[in-house]
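# Results of the structural survey
Spelled out, the chains give:
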Amino acid sequence: MSVKPARALKSRHLLGIDPLTPGEIQLILDTAEQMREIAKRPIKKVPALRGKTVVNLFLEPSTRTRFSFEVAEKRLSADTLNFSASGSSVEKGETLIDTARNLEAMEPDFIVIRHPHPGAPHMLAKVLKASVINAGDGTHEHPTQALLDALTIRLRRGSLEGQVVAIVGDLQHSRVVRSNVLLLSRMGAQVRVAGPPSLVPLGMEKLGCQVFYRMEDAIRDADVVMMLRIQLERQERMNFPTVREYYDLFALTPERLKLAKKDCLVMHPGPMNRGVEIDSRVADGPQSVILEQVTNGVAVRMAVLYLLAGGRGEPVTD
Amino acid sequence: MSRLLIKNGRVVDPSQKLDEGLDVLVVEGKIARLAERITDKDAEVVDATGLVVAPGFIDVHVHLREPGYEYKETIASGTRAAAAGGFTAVCCMPNTNPVNDNPAVTEFILARARHAAAARVYPVGAISKGLAGEELAEIGEMVRAGAVAFSDDGKPVVSSYLMRRALEYSLLFDVPIVDHCEEPTLAGRGVMHEGAVATRLGLRGIPAAAEEVMVWRDVVLAELTGARLHVAHLSTAGSLAAVRQAKAKGLRVSCEVTPHHLAFTDQAVAESNYDTNTKMNPPLRAAEHVEALVEGVLDGTVDCLATDHAPHHGDEKNVEFDKAPFGIVGLETALPVTFDLLVVKHRMPLSRFVACWSTNPARLFRLPGGTLKVGSPADITVFNPELRAVVNPEKFFSLSRNTPFAGKRLRGWPVMTVVGGKVVYRRA
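All of these numbers come straight from a predicted model, not from anything done at the bench.

With that out of the way, let us pick up the overall build of chain A. Check the secondary structure of chain A and you find 11 helices and 9 strands. The C-alpha extent of chain A, read off along each of the three principal axes, is 55 × 45 × 35 Å. Expressed as a percentage of the 318 residues in chain A, the buried residues total 59%. Sequence separation of at least 24 residues holds for 72% of the intrachain contacts in chain A that already meet a minimum separation of 6. When the accessible area of chain A is evaluated, it comes to approximately 13100 Å², of which 52% is carbon and sulfur surface. Distance between charge centres in chain A, computed from 42 positive and 37 negative side chains, equals 2 Å.

Here you go:
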């Protein structure tokens, strides 16, 4: 049973996966599949967002996501403005609300925000006329990452329904795991998570997953293994003894990967800490779809921008 | 001097086990007579038909912010907010700038109060110098200057040694030691209650255990010392269990609960989409804790209610949730929030409700008031148990507007507040 796509998105913001219905998720993924084709054309551009202005407000370091959004915006013919914390008014002590209001005075249509604090996009959405897209808010959500992960699985497997997806690593500090658990469980996948007990947040299972402490129990017979980066910069205090011991217990090695299904996909949202949570032989191995994830990221972000701009589920033409 | 006659009200005074229709005559700032159908030609007459007439409500946990943070609140504005909320007296916490850790600051507060306050002000002195948690402040000197209790509120007394000494030393004056119970290494940099809601919102959690560990420690020290321990803003089921056990043992342990910890769960943070007016310390707790707190108020384990009125400027709150200061204002919403919840919804007897806001705090903090006995100061709270109104922060007397109750329709509003025989508030 596949989910029927919604005809349009209800909200003009994308603040997280949590507010989305399965139909809306399906609509975004279906639209993203069409968007993939644009990248294969000799002229990789459609006029869908011509005359629209997008501000990329990145207040936390990011390479992949920022570039991915920018490419997506440009392929849709939007005008883009890039803002980063260093060398900006933020360093002079301006508050987020004031920064956003000033940007809004220039009448952008979209604000794509990456921010170290959970809820920052929600705060902007309450006061701005522009559509707000959450490109990662602290340890809360990263909805376009989960959408691109879902698209990657779907393209390889045809459907998310019934897929056994194991997500392993620093669950406490990961926005990727929150968005992925919400999305995948909503779309009928069976989600397992594993990590050191000291990095499993309370009530994690209520997001829609089964919680394991031992990695082996989570990845056994899995269709997909998704590794999370150990977020050394977000550990206020050490929550596990050493990186060495972490590798020992939680890294995805070729030996461990054998526990999963033979054709199990290996995913990672990047940036990878090679030799910490993932062994290079796996990261670069035949089961890895890590670079496909990056490619699909552009298509998903194009779909999100297109749909939030009022696009409906019909084919994109030029 | 003026005479005031409050006629036809329902007088609820737990200190005299009174709950009946009586007139109250106030002469020269004191309760002169309580009887049916008093007539007095010279008195200003107030018709209190349908209203409850109670001994003045006392809020033992308020931050008046003066000296030092007058842009958030002053003794004048805070006590006006108190009067408008039905309070005739407040105890103000010492985390001002400079800290109220010496008699000069205590005297300053009392001098400002004499000059500008609408309600009585009872300073709470600091336990430790500068709230640094290291050396005892001059508790004796501050008692002499007028401090009624001691607390490092806003911060816990981390050192168990210092807490023991503070409790022991307090025996000399028989004043309560009020602790903000929070084990800081467990609380970490948390911003809301640790649990499923925090996990979903990606916010760092403050576990219930951070409070409970400290409450249990304090109970142990209260037993060791025999001193009077008062647990400020108690917020978890486990803390309540500790207090219950202490009381069963006959220890001199008491506690307060705030209106917001009874009225909201941690779900409010999610429902409000990270509204910083749902951020306070201790944080709004999960439903099982809130249910236990309501139960504790109803069964009497909780001695009194207190607001933890914590004014902050709008600019300070209009930032990311992580960055916002903890705390909300409470004086002007406390009475209807708790009346609506406890008396209307949970059918708490009115006399017990009045005791929680008046008689009990007066007894625990040894304050004048909490009674309408003839001869006592005429501190009177009159409220309308039927009046329904919507909370409008724009109309607050407080300088700050940081409330999660904005827009809520509540029942049971104060209509007149009398301090020492003088009407300090009358609802328009």
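All right, on to the layout of surface pockets then. Which parts of space are left empty comes out when a probe the size of a water molecule is rolled across the atoms. All names here are of chain B. In this structure, the second largest pocket spans a volume of roughly 510 Å³. Taken together, 26 residues make up the lining of the second largest pocket; nearest its centre are G154, K155, H180, N281 and F326. Among the residues forming the lining of the second largest pocket, the class breakdown is 9 nonpolar, 11 polar and 6 charged.

So, about a nonpolar patch on the surface. Taken together, the side chains of L232, M238 and V243 of chain A define a hydrophobic patch exposed on the protein surface, amounting to about 250 Å² of accessible area. Turning to its location among the elements, L232 of chain A is positioned in the loop between strand 8 (224-227) and helix 8 (243-250).

Residues and elements named next belong to chain B. One pass over the structure, following the stated rule, counts 14 aromatic pairs over all chains. Among the aromatic residues, those joined into a cluster by ring pairs are F57, F87, F339, F353, W357 and F383. The side chain of K72 reaches across the aromatic face of Y69, ending 5.8 Å from its centre.

Turning to the side chain of T144 of chain A, a few remarks are in order. Summarising the element assignment, T144 of chain A is placed in helix 5 (residues 143-157). With sequence-adjacent residues up to four places away left out, T144 of chain A is seen in contact with L14, F69, V300, R301 and V304 of chain A.

Taken together, the contacts link 22 residues of chain B with 26 residues of chain A. Where chain B abuts chain A, roughly 1900 Å² becomes buried across the two surfaces, and 52% of that area is made up of carbon and sulfur atoms. For the pair chain B and chain A, the number of links is 1 salt bridge. When the shortest N-O distance is used, the salt bridge between R200 of chain B and D18 of chain A registers 2.7 Å. Scanning the region where chain B abuts chain A turns up 11 residue pairs in polar contact (both at pLDDT 80 or more). Per-element tally for the side of chain B that touches chain A: the top contributor is helix 6 (residues 196-201) of chain B, with 4 residues. A class-by-class count of the residues in the side of chain B that touches chain A yields 6 nonpolar, 8 polar and 8 charged.

On to the confidence of the model for chain B. Averaged over every residue, the pLDDT of chain B is 98; residues scoring 70 or more account for 100%. Note on the complex model: pTM 0.94, ipTM 0.93.

Once that is clear, we can look at unusual backbone geometry. The step from G270 of chain A to P271 of chain A runs through a cis peptide bond, and the omega angle for that step is -10 degrees. In this fold, P271 of chain A is placed in the loop between strand 9 (265-267) and helix 10 (280-283). Of note, the amide linkage connecting N97 of chain B to P98 of chain B takes the cis form, showing an omega dihedral of 5 degrees. Structurally, P98 of chain B can be placed in the loop between strand 7 (87-92) and helix 2 (103-116). Despite not being glycine, E107 of chain A has its phi angle at roughly 55 degrees, a positive value. Tracing the sequence through the fold places E107 of chain A in the loop between helix 3 (96-104) and strand 3 (110-115). The phi torsion at D308 of chain B lies on the positive side, around 55 degrees, for a residue other than glycine. Looking at the element boundaries, D308 of chain B is found in the loop between strand 15 (304-305) and helix 12 (314-317).

Criteria and thresholds
- Residues numbered from 1 in each chain as written.
- Chains lettered and ligands numbered in written order.
- Predicted model: local features only at pLDDT ≥ 70, side-chain atom pairs only at ≥ 80, totals over all residues.
- Heavy atoms only, no water.
- Helix = DSSP H or I, 4+ residues; strand = E, 2+ residues; numbered from the N terminus.
- Buried < 20%, exposed > 50% of the residue type's maximum accessible area, 1.4 Å probe, protein only.
- Contact = heavy atoms within 4.5 Å.
- Areas by Shrake-Rupley, 256 points an atom, 1.4 Å probe, with all protein chains shown as cover.
- Lys, Arg positive; Asp, Glu negative; His and termini not counted.
- Charge placed at Lys NZ, Arg CZ, Asp CG, Glu CD.
- 1 Å grid on protein atoms, 1.4 Å probe; cavity = no way out; pocket = protein on both sides within 12 Å on 5 of 7 lines; lining within 4 Å.
- Points joined across faces, edges and corners; volume = space filled by probe spheres on them.
- Nonpolar A, V, L, I, M, F, W, Y, C, P; charged D, E, K, R; others polar.
- Patch = residues over 30% accessible without salt bridge, like charges linked within 9 Å, V, L, I, M, F, W, Y side chains within 5 Å.
- Salt bridge = Lys/Arg side-chain N within 4 Å of Asp/Glu carboxyl O.
- Phe/Tyr/Trp six-rings, centres within 6.5 Å; stacked < 30°, edge-to-face > 60°.
- Lys NZ or Arg CZ within 6 Å of the ring centre and 35° of its normal.
- Buried area = accessible area lost by both parts, 1.4 Å probe.
- Polar contact = N/O pair within 3.5 Å; in protein donor to acceptor, adjacent residues only side chain to side chain.
- pLDDT = per-residue confidence, 0-100.

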